[in-house]
Amino acid sequence: MQDLSAGRWDDVRIFLSVHRHRSLGQAGARLDLDTSTVSRRLSALEEALGGRLFERTRGGLLPTHLAELVLPAAEAVEAAHARLVRDAHSVETEPEGVVRLSVAPGMADVFIAPALVRLRARHPKLRIELDTSTRVLDLTRHEADLALRSVPPEGAELIITKILTARWIVAASPAHARRLGRVASWSSLPWIDWDHDYASFGPSQWLRRHASGAEVVLRTSHVGAQLAAAASGLGVVLVPAPYLASRALAPVRFAKTLARSAAEWPSNDLWLVGHRAMREVPRVAAVWSFLLEELRPYGEARGKGREGGRAGGDARGAKSARGARASRPPRAVRSTSP
């Protein structure tokens, strides 16, 4: 083993990325480095350590015993570097720099991406990196600064607050909803459903219980495609109430005999999650406040938050929420952040 006193943080960062992604290419993409650079720096670290860190297999790179042995120390270096960055950024006087935000694809398309123009008007020095992958990023490892989650994560290092609770409802294009009239059977409708690999998903389970045997005209797990298909008149869809306005969808009316099954429509919570150490950094705090302001009006209830021991409740219907947003002055010209 060679002298490691001159070891570089970049080499440790590359090792951790390769260990997490099990691929030189994916690690390089995450770090904005080309594959040859990742390979070269990893080889330099292996030479310094005096052994191989990964074995190449058909399934990807497999960590060796040496890699698992040095992993805790590498993660400690990462945590120390994060503290250094946090302390350096604490001198910020205004929101400036990059904030990495992790959001599910459907929410990113419908709510977050269209709102960024207002965030930029308010804080022009902010830059957003929007991750919409289905992989859940680990905020404790600083893979993202903030995240929107349907399930609150656990961890003493994390700070979370509940933004809203949204109920799912059956909807269709206004014209299609009028043609259907007052529905007497869920099974008589043409449905837009989720892919089979979402069988355990709440909306899919509701459809199996209450619309078994119904015609499924489209299966897709892409929320945007579901909304677009429903707006075109292809069929009816079970969708969270806040999404209706994005495609001018209308609730489907139903007979009183279906009231009990409608009462079983699922509901989802939305949580905003951040790392406690970064919460008061101005750029992160600005995006945190902006997301709360943007998304909370869509909810039926704010529910209880867990930020600094504060809790609050507020009931709002989707209709009144849209009215409140419509009455605001255009935020793109305001000087000042669910």
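Quick notes on the rules
- Residues numbered from 1 in each chain as written.
- Predicted model: local features only at pLDDT ≥ 70, side-chain atom pairs only at ≥ 80, totals over all residues.
- Heavy atoms only, no water.
- Core = buried A, V, L, I, M, F, W, Y, C linked by side-chain atoms within 4.5 Å.
- Buried < 20%, exposed > 50% of the residue type's maximum accessible area, 1.4 Å probe, protein only.
- Helix = DSSP H or I, 4+ residues; strand = E, 2+ residues; numbered from the N terminus.
- Phe/Tyr/Trp six-rings, centres within 6.5 Å; stacked < 30°, edge-to-face > 60°.
- Polar contact = N/O pair within 3.5 Å; in protein donor to acceptor, adjacent residues only side chain to side chain.
- Contact = heavy atoms within 4.5 Å.
- Arc of directions from axis to C-beta.
- Salt bridge = Lys/Arg side-chain N within 4 Å of Asp/Glu carboxyl O.
- Axes fitted to C-alpha atoms, helices over the stretch in contact; angles between N-to-C directions.
- Parallel < 35°, antiparallel > 145°, perpendicular 65-115°, else oblique.
- Left-handed = near helix turned anticlockwise from the far one by under 90°.
- Nonpolar A, V, L, I, M, F, W, Y, C, P; charged D, E, K, R; others polar.
- Pairing = 2+ DSSP bridges.

## Observations concerning the nonpolar core
In step 1: In this structure, Leu-148, Val-170, Trp-186 and Trp-191 are the most contacted members of the largest nonpolar core, which totals 60 residues.
In step 2: With nine residues, strand β6 (residues 158–172) is the largest single contributor of residues to this core.
In step 3: One finds Val-12, Ile-14, Leu-24 and Ala-27 within the second-largest nonpolar core, a separate group that totals 20 residues.

## Thoughts on the packing of aromatic side chains
In step 1: Scanning all chains against the criterion turns up 14 aromatic pairs.
In step 2: For the pair Trp-168 and Phe-201, a centre-to-centre distance of 5.6 Å together with 80° between the ring planes defines the contact as edge-to-face. Of this pair, Trp-168 sits in strand β6 while Phe-201 is found in the loop between β7 (191–193) and α7 (202–210), placing the two residues 33 residues apart along the sequence.
In step 3: The class for Trp-168 is buried, based on a relative accessible area of 5%.
In step 4: The rings of Trp-186, Trp-191, Trp-206, Phe-254 and Trp-265 are connected pair by pair, giving a single aromatic cluster.

## Some remarks on the side chain of Ser-23
In step 1: Inspection of the secondary structure assignment puts Ser-23 in the loop between α1 (9–21) and α2 (24–31).
In step 2: A distance of 3.3 Å separates a polar atom in the side chain of Ser-23 from the backbone nitrogen of Gly-25.
In step 3: Polar contacts involving the side chain of Ser-23 include one to the main-chain amide nitrogen of Gln-26, which spans 3.2 Å.
In step 4: When residues no more than four places from it in sequence are discounted, the contact partners of Ser-23 are Val-18 and Leu-61.

## A few points about α7
In step 1: Within the sequence span of α7, burial applies to Pro-203, Ser-204, Trp-206 and Leu-207. Buried residues of α7, seen end-on, are gathered within an arc of 160° and therefore sit on one face of the element.
In step 2: Looking at the buried positions of α7, the neighbouring elements they touch are β6, β7, β9 (236–240) and α9 (259–262).

## Remarks on the pattern of salt bridges
In step 1: This model, assessed by the stated rule, comprises 14 salt bridges.
In step 2: Between Asp-193 and Arg-219 there is a salt bridge, with the nearest N and O atoms lying 3.1 Å from each other. With Asp-193 in strand β7 and Arg-219 in strand β8 (residues 216–219), the pair connects residues that are 26 residues apart, well separated along the chain.
In step 3: On the basis of relative accessibility, which here comes to 10%, the residue Asp-193 falls in the buried class.

## Regarding the packing of helix α5 (residues 105–122) against helix α10 (residues 282–295)
In step 1: Contact pair α5 / α10: the axes reach a minimum separation of 11 Å and the direction vectors enclose 125°. One element, α5, and the other, α10, form an angle in the oblique class. As α5 runs across α10, the sense of the crossing is right-handed. Listed contacts from α10 to Phe-111, Ile-112, Ala-115, Arg-118, Leu-119 and Arg-122 of α5 are Val-287, Phe-290, Leu-291, Glu-293, Glu-294 and Leu-295.
In step 2: Of the residues belonging to the contact of α5 with α10, the class tally is eight nonpolar, no polar and four charged.

## Some remarks on the environment of Leu-16
In step 1: Mapped onto the fold, Leu-16 is located in helix α1.
In step 2: For Leu-16 and Leu-71, which are 55 residues apart along the polypeptide, the C-alpha to C-alpha distance reads 7.6 Å.
In step 3: When neighbours within four sequence positions are excluded, Leu-16 is seen to be in contact with Leu-71, Ala-74, Glu-75 and Glu-78.

## Side note on the pairing of β9
In step 1: Counting buried residues along β9, five of its five residues qualify, which places the element largely inside the surrounding structure.
In step 2: Across four bridges, β6 lies against β9 in antiparallel orientation. By the bridge assignment for β9, Val-170 is matched with Leu-238.
In step 3: The pairing of β7 with β9 spans two bridges and is parallel. Within the sheet, the bridge partner assigned to Ile-192 lies in β9 and is Val-237.

## Quick notes on the environment of Gly-181
In step 1: The residue Gly-181 is located in the loop between α6 (174–180) and β7 in this model.
In step 2: The buried category is assigned to Gly-181, whose relative accessible area is 14%.
In step 3: Once the C-alpha coordinates of Gly-181 and Ala-255 are considered, the two residues, 74 residues apart in sequence, prove to be 9.6 Å apart.

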